[in-house]
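# Structural description and commentary
These are the residues of each chain, in order.
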Amino acid sequence: MTLNALLFQALNGLSSASSLFLVAAGLSLIFGVTRIVNIAHGSLYMLGTYIAYSLAMHIGGALGFWGGIVATAVVVGILGALIEIVLLRRIYRAPELFQLLATFALVLIINDAALWIWGPEDLLGPRAPGLRDAIEILGRHLPTYDLFLIFVGPVVLIAMHLALARTRLGRLVRAATQDREMVGALGVNQAILFTVVFALGSALAGLGGALQVAREPANLSTDLTAISDAFVVVVVGGMGSIGGAYLAAVIIAEVKALCIGIGVLHIAGMALNFSKLTLVAEFLVMAIVLIVRPYGLLGRVQAAVRSIAEPEEPIRAATPTFKLFATAVLVILIFMPLLARNSPYTLVLGIDVLIAVLFATSLHFIMGPGGMHSFGHAAYFGLGAYGAALLVKWLGAPMSVALIAAPAVALAGGLLFGWFAVRLEGVYLAMITLAFAQIVWALVFQWEELTGGSNGVIGVWPPPPFDKSGFYFLLTLALTALGVFLLRRFLFAPFGYAMRAGRDSPLRAEAIGIHVKRVHWLGFAIAGCVCGIAGGLFAFAKGSISPETIHVQRSIDGLVMVLLGGIQTLTGPIVGASLFATLQDTVMRQTEYWRALLGGIILVLVLAFPGGIVGAFTRLFTKRAAVT
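Residues numbered from 1 in each chain as written. Predicted model: local features only at pLDDT ≥ 70, side-chain atom pairs only at ≥ 80, totals over all residues. Heavy atoms only, no water.

Counting its regular elements, the protein chain contains 25 helices and six strands. On the principal axes, the C-alpha backbone points of the protein chain span a range of 70 × 65 × 55 Å. Split into buried and exposed, the 628 residues of the protein chain put 53% on the buried side. The long-range share in the protein chain, meaning contacts at least 24 apart out of those at least 6 apart in sequence, stands at 80%. About 27,500 Å² of surface is accessible on the protein chain, with carbon and sulfur atoms providing 68% of the total. (Helix = DSSP H or I, 4+ residues; strand = E, 2+ residues; numbered from the N terminus. Buried < 20%, exposed > 50% of the residue type's maximum accessible area, 1.4 Å probe, protein only. Contact = heavy atoms within 4.5 Å. Areas by Shrake-Rupley, 256 points an atom, 1.4 Å probe, with all protein chains shown as cover.)

Shown next, in the form of structure tokens:
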């Protein structure tokens, strides 16, 4: 490691910063005006790489490459406008998290559309015409295309600053960022403004993806990677701050580049491999920034959004009729091993559904009554799963001890992560939970001596009689019912009322003596503990555990389960988890393009039940009862 090597690596990092900035700037612009957490933004970035590849390969030459980049930005911008007009405009009055659910459905549809058009193989585009050489800097050769990308970011930043500062559209965008309802009250057509902003943000995502076609192959996994990195950049810089997004992109890109440049460092006889930190560097940066500056480097407190969704119904105790129905369902499930004795796969699916129910209800505990949106709930699931699996694998512990240890390990994680998370609000809280989940994922992925790395832990099977699917189903049912019952008891105890008071009016709650942060911290710990039970059950159900268990996809699946059923009802996550797990299993076996089909089903459900399935039926029955 030399000073020249570090300086060269830092210079190389600036080219990556430009790419990060382009996709993050579009996301920040869209969120600042529409308040939509657009998960499909990464899919638009992915489409940019594929479309630019096709234009460059089929047209060829400078026109195909450079003209293709410009055309790609225009095409993706038009696609973004169509998405806003056809889909998002219909659900602006739905709760914000249901808009997130709709954009997640788009991720599934767009991913399978790309698979159908371009196939599963990675596609590497041609080298940039006119920029195919390299120049020598600090004794090393830097590709001229990378040097070109270094200047792209600042140019776009300056252009956006001038547009926002000196044009009427820019003034409207800045005004809508501060108070979009007042902008509408002054006579501005919000529908047109939202469409234009969504198109501009989408065009920036498409441009960012297109510019990568000469550096990285287009592949189907780009969407979630891009949106994850973009969210980190936007949150570190400050939601709605374009300058903050560029500053954050530079910091994160430089930290990752320097980790690669440092490589393996020997300190006091210990070898520290800094290059491995690149998997989690941006999340470490985000966690540190949010702890020190809760609204990002250049961010400010987001203005409240008024009159967007209908008032939330309070959580009520179950009626006698519903209790009778729930008891009947439980009795049927108890006899399920007998009813399905000729269909072993039914019991396997039933175990998966029950584990999903426990995962979703624990997430709902902090999202609904607690009002704390978590994008990293899979961390506690993974901690429980690995805690149980490692005890069995390395210490030979019996399953009973492992299943007790699973919630204990997850509880410790909930106490640690929750202590930091409850000091933040809104999207910032959600993103720090994602950061902690990714840190846990990186640890289990890289600590091969203990966790087995990417291979995971195998050979974790339940002992007799639970090696039979019927007995294991009953064990899973018992622990799931116990976990759901405990969560319900907490919600209708004084602790649950205190947690909801802190959600609805923290100032009033503090005034009557409730320590809101402490209550929410304990809520995180309880949710993590119950989620750990689900993780432990999962490890024995599958016989193995791997880092994919903690991947961001599982956290997103949990959000989908909760939102699909309804966040303001206690039965919502149970219905949502059961429906999602069953649909996912059924659809996967029907077609290669199961993601698109599942996404289409989710879109239909979101449009038909914008408050969740159970929430919609609850409101319907309430209105009918009021009429009669």
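An ideal rise of 1.5 Å per residue puts 27 Å on 19 residues; helix α2 (residues 41-59) measures up with 27 Å between its terminal C-alpha atoms. With 15 of 19 residues buried, α2 lies mostly within the body of the structure. (Expected span 1.5 Å × (residues − 1).)

Time to look at unusual backbone geometry. What is expected of a backbone is that most residues other than glycine have negative phi and most peptide bonds are trans. Pro 464 connects to Pro 465 through a cis peptide bond whose omega is 0°. Inspection of the secondary structure puts Pro 465 in the loop between β5 (457-458) and α18 (469-491).

Next up on the list: the confidence of the model for the protein chain. A residue-level look at the protein chain finds 92% of positions with pLDDT of 70 or above and a mean pLDDT of 85. The element-level mean pLDDT for the protein chain is lowest in strand β4 (residues 270-273), coming to 65, with helix α21 (residues 516-542) highest at 94. Every residue in residues 304-311 is under pLDDT 50, and counting partners more than four places away or in other chains gives 19 contacts. (pLDDT = per-residue confidence, 0-100.)

Taking 1.5 Å of rise per residue, 27 residues should cover 39 Å, and α21 covers 39 Å from first to last C-alpha, within 8% of that figure. For α21, the tally of buried residues reaches 19 of 27 residues, placing the bulk of the element in the interior. Positive backbone phi, at 80°, marks Gly 543, one or two positions downstream of α21.

Where charged atoms from two side chains of opposite charge come close, those side chains can pair. Within this structure, the stated rule accounts for six salt bridges. Measuring nitrogen to oxygen at the nearest pair gives 3.3 Å for the salt bridge that ties Glu 84 to Arg 89. Under the relative-accessibility criterion, Arg 89 is labelled partly exposed at 36%. In this structure, Lys 542 engages Asp 352 in a salt bridge whose closest nitrogen and oxygen atoms are separated by 3.0 Å. Separated by 190 residues along the polypeptide, Lys 542 in helix α21 and Asp 352 in helix α13 (residues 344-367) bring together distant segments of the chain. Judged by its relative accessible area of 34%, Lys 542 is partly exposed. (Salt bridge = Lys/Arg side-chain N within 4 Å of Asp/Glu carboxyl O.)

Domains assigned within the protein chain are domain 1 (3-292) and domain 2 (325-594). Each of domain 1 and domain 2 was reduced to a C-alpha centroid, and the two centroids are 32 Å apart. Between domain 1 and domain 2, the residue contacts involve 26 residues of the former and 30 residues of the latter. Summing both sides of the interface, domain 1 and domain 2 together bury roughly 2,600 Å²; the carbon and sulfur share of this comes to 83%. On inspection of domain 1 and its partner domain 2, the count reaches zero salt bridges. Linking domain 1 to domain 2 there are one residue pair in polar contact (both at pLDDT 80 or more). Looking at the side of domain 1 that touches domain 2, the elements that each hand over two or more residues are α4 (96-118), α8 (222-237) and α10 (281-292). In terms of residue count, α4 provides more of the side of domain 1 that touches domain 2 than any other element does, eight residues in total. Considering only residue class, the side of domain 1 that touches domain 2 consists of 22 nonpolar, two polar and two charged. (Domains from an automatic or database assignment. Buried area = accessible area lost by both parts, 1.4 Å probe. Polar contact = N/O pair within 3.5 Å; in protein donor to acceptor, adjacent residues only side chain to side chain. Nonpolar A, V, L, I, M, F, W, Y, C, P; charged D, E, K, R; others polar.)

Judged by nonpolar contacts, the single largest core of 199 residues is most densely connected at Phe 21, Met 286, Phe 365, Phe 540 and Ile 602. The residue makeup of this core includes at least three contributed by each of domain 1 (3-292) and domain 2 (325-594). (Core = buried A, V, L, I, M, F, W, Y, C linked by side-chain atoms within 4.5 Å.)

Both strand β1 (residues 134-137) and strand β2 (residues 140-143) contribute to a ladder of four bridges, which runs antiparallel. If you follow Ile 135 over to β2, its bridge partner there is Leu 142. Following β1, the chain reverses through two residues before pairing antiparallel with β2; Leu 138 in that reversal takes a positive phi of roughly 55°. (Pairing = 2+ DSSP bridges.)

Moving on, we come to the environment of Ala 248. Locating Ala 248 in the fold gives a position in helix α9 (residues 242-262). Along the primary structure Ala 248 and Ala 17 are separated by 231 residues, whereas in three dimensions their C-alpha atoms are 8.6 Å apart.

On the surface, Leu 330, Val 331, Ile 332, Ile 334, Phe 335, Leu 338, Leu 339 and Leu 474 cluster together into a nonpolar patch covering about 720 Å² of accessible area. Broken down by element, the residue count for the nonpolar patch peaks at four residues, all from helix α11 (residues 320-334). Here Phe 335 lies in the loop between α11 and α12 (336-339). We classify Phe 335 as partly exposed; its relative accessible area is 45%. (Patch = residues over 30% accessible without salt bridge, like charges linked within 9 Å, V, L, I, M, F, W, Y side chains within 5 Å.)

The next point concerns the environment of Leu 172. Topologically, Leu 172 is positioned in helix α6 (residues 168-185). Taking the C-alpha atoms as reference points, Leu 172 and Val 33, separated by 139 residues in sequence, lie 9.4 Å from one another. Leu 172 has contacts with Val 188 and Leu 193, leaving out every residue within four places of it along the chain.

This paragraph deals with the packing of α2 against helix α3 (residues 61-86). Where α2 contacts α3, the axes come no closer than 8 Å and their chain directions differ by 145°. Handedness of the crossing formed by α2 with α3: right-handed. For the pair α2 and α3, the contacting residues are Leu 44, Leu 47, Gly 48, Ile 51, Ala 52, Leu 55, Ala 56 and Ile 59 in the first and Gly 61, Leu 63, Gly 64, Phe 65, Gly 68, Ala 71, Thr 72, Val 75, Val 76, Leu 79 and Ile 83 in the second. Its residues assigned to classes, the contact of α2 with α3 comprises 14 nonpolar, five polar and no charged. (Axes fitted to C-alpha atoms, helices over the stretch in contact; angles between N-to-C directions. Left-handed = near helix turned anticlockwise from the far one by under 90°.)

Quick look at the packing of aromatic side chains now. One pass over the structure, following the stated rule, counts 17 aromatic pairs. With centroids separated by 6.5 Å and ring planes inclined at 65°, the aromatic side chains of Phe 365 and Phe 490 adopt a geometry described as edge-to-face. With Phe 365 in helix α13 and Phe 490 in helix α18, this pair connects stretches of sequence that are 125 residues apart. Grouped by ring-pair contacts, the aromatic residues Tyr 380, Phe 417, Trp 419, Phe 420 and Phe 436 constitute a single cluster. Positioned over the ring face of Trp 419 is Arg 423, at 3.9 Å from the centre of the ring. Across the ring face of Phe 492, the terminal group of Arg 500 is positioned such that the distance to the ring centre comes to 5.7 Å. (Phe/Tyr/Trp six-rings, centres within 6.5 Å; stacked < 30°, edge-to-face > 60°. Lys NZ or Arg CZ within 6 Å of the ring centre and 35° of its normal.)

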